[in-house]
Amino acid sequence: MGEEDDLARWQNLAFGYVDPRGAPWLRTAIAGRHEQVSSDDVLCCAGAQEAVACVAGALLQPSDHAVVVLPIYQPSEQAVTGLCAATGVPLSYSDWQLDVDRVAASIRPNTKLILINFPNSPTGVGLDQQTLLALVDVCRRYGLWLVNDEVYAQSECDLARASVAPVVDSYERGISINGLSKGFGLPGLRVGWAVCREQAVLARALHAKSILSSCVSSASEILAHVALRSEPTITARTREIGRQNRRHLHSVLAAFPDLFGRDDAQTLAFGFPRYLGPDGADHFAARLVRDAGLMVLPSTLWRSPLGSVPGNHVRIGLGHRRNAEGLDAFQQFVAVRRAA
Ligand SMILES: Cc1ncc(COP(=O)(O)O)c(C=O)c1O
């Protein structure tokens, strides 16, 4: 898939240290995914998670306070709670919607940022434009930074109706985190990024990065550039795998209406049905891994000291071709156990 310039970079690859911000041509390609940003507004990191940690390090002091919307990937939550006090705002249990008034009510005089993750993992919900604008309004009123982990943006079921524009394009203090680990299916490259329109913040994030990875792997930078240029081809493949697995999952769930609720997750990366069995999702997941060698993630894994998380769901991965085989084994396991 590489074009000539990438091929030349690959052939001349020297494995030296490279620009700690990320190669200019890689940052230009990332900036090109946004409306109002240039390559100087991009910081490349070793994965999206490092980008979250660097941004938190750039913005938060021990005397600050942050608001974290739950559920959220624990390392992101910890990137914040390791630095300052935080208040969790859980999505509503009934429909996973975000209550912006509740976010506003948790703001304190020393609140500095709001951390969100939409499209959300593990619930698979997006953020509609109206809610985003309401959230931006609140942030603007209090001068807060709005950091969104957008790693699942390329995995949304319906990209034409994709839930939300990157926050960096919607708000001057919005910071978008993304990378190649999910929709591109390339987590082993360890390439993620933060995009932010205030360069002083990115300079501080770069400083935070200096105690982490220093720079992205020089080989990964070239491969990441190839991947970004080939986004439609690469994501078409991962999306087709996800679509097939999602159909497969829904037919499996439909066979056991007494054991699973509907899967409303609007993502091709995973399903997130409620488990209705009397033993509970934790027990079910433990039996599944022990007796069938299959791993699903019970929603209690997203438990947080900042607030309650949905208790009885299971997150079922859809992103790999081999998940099809896993779903067949899952169906067999559930059928046998139910018969027993
Ligand atoms: C919501 C979310 N954000 C970030 C990450 C980490 O991404 P990366 O592997 O690019 O660091 C994950 C990984 O599972 C995730 O689920």
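Residues numbered from 1 in each chain as written. Predicted model: local features only at pLDDT ≥ 70, side-chain atom pairs only at ≥ 80, totals over all residues. Heavy atoms only, no water.

Draft legend 1. Spotlight on the packing of helix α11 (residues 281-292) against helix α12 (residues 323-339). At their nearest, the axes of α11 and α12 sit 11 Å apart, and the two run at 110 degrees to each other. With respect to α12, the element α11 is oriented roughly perpendicular. Counting all contacts with α11, which are made through F284, R287, L288, D291 and A292, the residues of α12 involved are F330, F333, V334 and R337. (Axes fitted to C-alpha atoms, helices over the stretch in contact; angles between N-to-C directions. Helix = DSSP H or I, 4+ residues; strand = E, 2+ residues; numbered from the N terminus. Parallel < 35°, antiparallel > 145°, perpendicular 65-115°, else oblique. Contact = heavy atoms within 4.5 Å.)

Draft legend 2. Representation of the packing of helix α1 (residues 4-11) against helix α9 (residues 218-229) in the model. Look at α1 against α9: their axes get within 10 Å of each other, and the N-to-C directions meet at 165 degrees. Accordingly, the angle class assigned to the pair α1 and α9 is roughly antiparallel. Between α1 and α9 lies a crossing whose hand is left-handed. Contacts from D5, D6, R9 and W10 of α1 reach α9 at A219, I222, L223, H225, V226 and R229. Of the residues in the contact of α1 with α9, the class split is five nonpolar, one polar and four charged. (Left-handed = near helix turned anticlockwise from the far one by under 90°. Nonpolar A, V, L, I, M, F, W, Y, C, P; charged D, E, K, R; others polar.)

Draft legend 3. View of helix α2 (residues 24-31). Taken together, the buried positions of α2 are occupied by L26, R27, I30 and A31. The buried residues of α2 occupy one face: seen down the axis, they fall within an arc of 135 degrees. Buried residues in α2 make contact with β1 (42-45), β7 (192-196) and α9. (Buried < 20%, exposed > 50% of the residue type's maximum accessible area, 1.4 Å probe, protein only. Arc of directions from axis to C-beta.)

Draft legend 4. The arrangement of the layout of surface pockets in detail. Computed from the structure, the largest pocket encloses a volume of approximately 1200 Å³. In terms of lining residues, the largest pocket is bounded by 44 residues, among which Y152, K182, R315, G317 and H320 are the most central. Among the secondary structure elements, those contributing two or more residues to the lining of the largest pocket are α3 (48-59), α10 (231-254), β10 (314-317) and α12. Classifying every residue of the lining of the largest pocket gives 19 nonpolar, 17 polar and eight charged. In this structure, the lining of the largest pocket is formed jointly by two domains, domain 1 (4-229) and domain 2 (232-339), each of which donates at least three residues. Each pocket or cavity is described by its volume, and for the second largest pocket that value is around 450 Å³. Lining the second largest pocket are 22 residues, with G124, V125, D264, A265 and Q266 sitting closest to its centre. (1 Å grid on protein atoms, 1.4 Å probe; cavity = no way out; pocket = protein on both sides within 12 Å on 5 of 7 lines; lining within 4 Å. Points joined across faces, edges and corners; volume = space filled by probe spheres on them. Domains from an automatic or database assignment.)

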